[in-house]
Amino acid sequence: QLQACGGGLVQAGGSLRLSCAVSGSISSYRSMGWFRQAPGKEREFVAASRRDGGYTYYADSVKGRFTISRDNAKNIVYLQMNALKSDDTAVYYCAGGARTILSTIRTMGGYDSWGQGTEVTVSS
């Protein structure tokens, strides 16, 4: 079970850090990811972290501004979001993939466990 939190209202240019608490061991997931869904749009990939090798992946729209990290001891995945823009307004979901492979790490199909979402609103 995944529990996301940390969303809120922030001004453009500001920062937020989202957290995703994993019930059980985070190491049971081959990959952890963040996705987002803006009003009227489809859910899209934001960032992912692979358990093996520590590789990270980002959507082009957030590269250089967002950072995904994990605390294996606390079983938490973070998404640090800096230089936020109004286009970042969305509900953010964390996801865990026990069998994610490289070709699916940026797709919803690569994940089998989902958190409930936390809302981020960026005011311009």
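Report on the accompanying structure. Keep in mind the model is a prediction, meaning the values are calculated, not measured.

### Examining the packing of aromatic side chains
Throughout the structure, instances matching the rule amount to four aromatic pairs. Each ring, one from phenylalanine 35 and one from phenylalanine 45, has its centre 5.7 Å from the other, and the planes form 75°; the classification is edge-to-face. Separated by ten residues along the polypeptide, phenylalanine 35 in strand E4 (residues 31-37) and phenylalanine 45 in strand E5 (residues 44-50) bring together distant segments of the chain. You'll find phenylalanine 35 and phenylalanine 45 in the same group, each marked buried. With centroids separated by 6.3 Å and ring planes inclined at 65°, the aromatic side chains of tyrosine 111 and tryptophan 114 adopt a geometry described as edge-to-face. Within the aromatic cluster, the residues linked to one another by ring pairs are Phe35, Phe45, Tyr111 and Trp114. We note arginine 43 situated over the ring of tryptophan 114; from NZ or CZ to the ring centre the distance is 5.2 Å.

### Details of the state of the cysteines
Counted under the stated rule, the structure contains one disulfide. Each sulfur of the disulfide joining cysteine 20 and cysteine 94 lies 2.2 Å from the other. Between cysteine 20 and cysteine 94 the disulfide shows an S-S torsion of about 60°. By sign, it is right-handed. Residue cysteine 20 is found in strand E3 (residues 16-22), and its partner cysteine 94 is found in strand E9 (residues 90-97); the two are separated by 74 residues along the sequence. With no disulfide partner, cysteine 5 has as its closest neighbouring cysteine sulfur the one in cysteine 20, 8.6 Å distant. Here cysteine 5 falls in the partly exposed class, since its relative accessible area comes to 41%.

Rules used in this analysis
Residues numbered from 1 in each chain as written. Predicted model: local features only at pLDDT ≥ 70, side-chain atom pairs only at ≥ 80, totals over all residues. Heavy atoms only, no water. Phe/Tyr/Trp six-rings, centres within 6.5 Å; stacked < 30°, edge-to-face > 60°. Helix = DSSP H or I, 4+ residues; strand = E, 2+ residues; numbered from the N terminus. Buried < 20%, exposed > 50% of the residue type's maximum accessible area, 1.4 Å probe, protein only. Lys NZ or Arg CZ within 6 Å of the ring centre and 35° of its normal. Disulfide = S-S within 2.5 Å.

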